[in-house]
Each structure stands twice: as structure tokens, then as C-alpha cells.
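Summary of the model geometry
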Amino acid sequence: MGKEAQVRALFAEGADEGRLQYEAPRLLFRGAGRRVFQGEQLAGLHAEGGDLVLADGSRFALGEKAAASWAHAILNPKGRAEKLGLKAGQRVAVLGVEDQDLPREIVAQGAILVEDLAGLDLLFYAADSAEALERIGGLVHALSEKGAIWVVSRKGKAATVKDVEVMAAARAAGLVDSKVVGFSDTHTALRFTRRRP
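All of the points below concern the structure found in this document. Throughout, residues of each chain are indexed from 1 in the direction in which the sequence is written. Since the coordinates come from a predicted model, pLDDT governs what is reported: local features require at least 70, and pairs of side-chain atoms require 80 or more to be given and counted, while whole-chain, interface and lining totals use all residues. Note that water and hydrogens are dropped before the side-chain values are worked out from all heavy atoms of the structure.

Another point: the layout of surface pockets. Its boundaries defined by the atoms lining it, the largest pocket holds a volume of some 570 Å³. Considering the residues around the largest pocket, the lining is formed by 24 residues, among which Glu-23, Ala-24, Pro-25, Lys-155 and Gly-182 are closest to the centre. Put simply, DSSP marks the helices as runs of H or I at least four residues long and the strands as runs of E at least two long, and each gets a number from the N terminus on. Elements with a contribution of two residues or more to the lining of the largest pocket: strand 1 (3-11), strand 2 (14-23), strand 3 (26-30), helix 2 (80-83) and strand 12 (175-181). For the lining of the largest pocket, the class distribution of residues is eight nonpolar, six polar and ten charged. Buried and open spaces are told apart on a 1 Å grid over the protein atoms alone, a cavity being a set of points where a 1.4 Å probe fits but cannot get out and a pocket being an open set with protein on both sides within 12 Å along at least five of seven lines. Residues with an atom within 4 Å of a point are the lining residues. Grid points are joined across faces, edges and corners, and a volume is the space filled by probe spheres set on the points. For this classification, the nonpolar set comprises Ala, Val, Leu, Ile, Met, Phe, Trp, Tyr, Cys and Pro, the charged set comprises Asp, Glu, Lys and Arg, and every other residue, Gly included, is treated as polar.

In short, DSSP must find at least two bridges between two strands for them to pair. With mixed pairing, the six strands of this open sheet are ordered in space as 9-8-10-11-13-12. Each edge of the sheet is formed by a strand with only one pairing partner; in this case those strands are strand 9 (112-113) and strand 12. Bridge count between strand 12 and strand 13 (residues 187-194): six bridges; the pairing is antiparallel. Bridge pairing links Leu-175 to Arg-194 in strand 13. Lying on the sheet, helix 3 (residues 101-108) is in contact with strand 8 (91-95), strand 9 and strand 10 (120-126); it crosses strand 8 at an angle near 180°. Here, residues are in contact when the closest pair of their heavy atoms is within 4.5 Å. Under this scheme, a helix contributes an axis fitted over its contacting stretch, all axes are lines through C-alpha atoms, and angles between N-to-C directions fall in the 0 to 180 degree range. Of the strands in this sheet, strand 11 (143-154), strand 12 and strand 13 touch helix 5 (residues 163-172), which is tilted by about 20° from strand 13.

So, in C-alpha cells, the structure goes:
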């Protein structure tokens, strides 16, 4: 997940109040109007006296600590592997996810890509149909005690299952959702772990 806050904003044409959201690579403000900042518009952004300040002079009042945190996150975006929680030594399996870069990213992080579904720290599972969602319950046994399953599905107009359907299927299997990540331009990923007693 990115960052989100209710803020006071100051633009060249005046002040506004609304919701500020950051989900790499975009900063989005929804107030009286909708404004999207990305790419070059975010270059030179900095924290100043509790405000997040963009190169064009736009200011968002977040408070000193939050403004510094937002500036750092925007100027140093996490890579996909970091967002997905890939770490050295983890046992990771991929089921049905068609992404040529994912296996390379897993290995580059020092994780161990395995085919046997047992004792997994992370399982990436493609689910774009009701049938695929029904199989989630049968995959829980493959996770280690603290393991997680990332359910990867198409997003936007190409989506064939909704996030709420994915969450309902995972909850029915005794899992709880803990994170969502923009997996790629075309896919989203929801992370689930076992429900703790």
C-alpha cells in the first residue's frame, strides 16, 4: 500500500482541502478538483516546515515527520521485490503467474525458488476465475506457519474477478488479507496469511 492523508493544499491558484495519496509512481490529490503528479513533476520535491513541496510550488500540509517520510518514499520508491517482501533464504513457489521477471527477482533477492509445495514462506498464485479462487483453500497447507500467499489477478477493465471476491475466497480458507500491491501494469496482488488464534 502507498501513503494516504487528509491535507490542506496550496496551489498557484489558491488553497484547497482533500485527500492526498501516493501509490508509486503517482501522487494524487482529490479536493475541489483532481490533480495527478508523476514523473518530472515529482523531481525536486522536498519537505519544508511540515509541508511536502513540489517543484511547481504546490504544497501539502502533512506535519514535519509525515512530510519528511512522504518525501523520502517518493524520492526513493521501493522496487517490486521489496514491496512483495522477498528476502534471502525464503522458500518461494510460483503457480500460474505469467511474469518473466518474477523468477529472476526471486533469485536476485536470495530467495529459493522451489517447485514442491511445502513449507513455503511465499506462494504467488494466479487467480482470474471463480474456479481458481476455490483452489485457495487447498493451498494453505503449503505455507509455513508464518507463510503468505500472494493472489495475483488482472486489474482494471481486464479483471475477471474482483478484489472483494478474492478476499472472500481467502477468508473462507481461514486467511486474512494484509497488503495489496500493484504487481504490474496489468495485474494486482493481494497478500494473505493464516488467521492467528
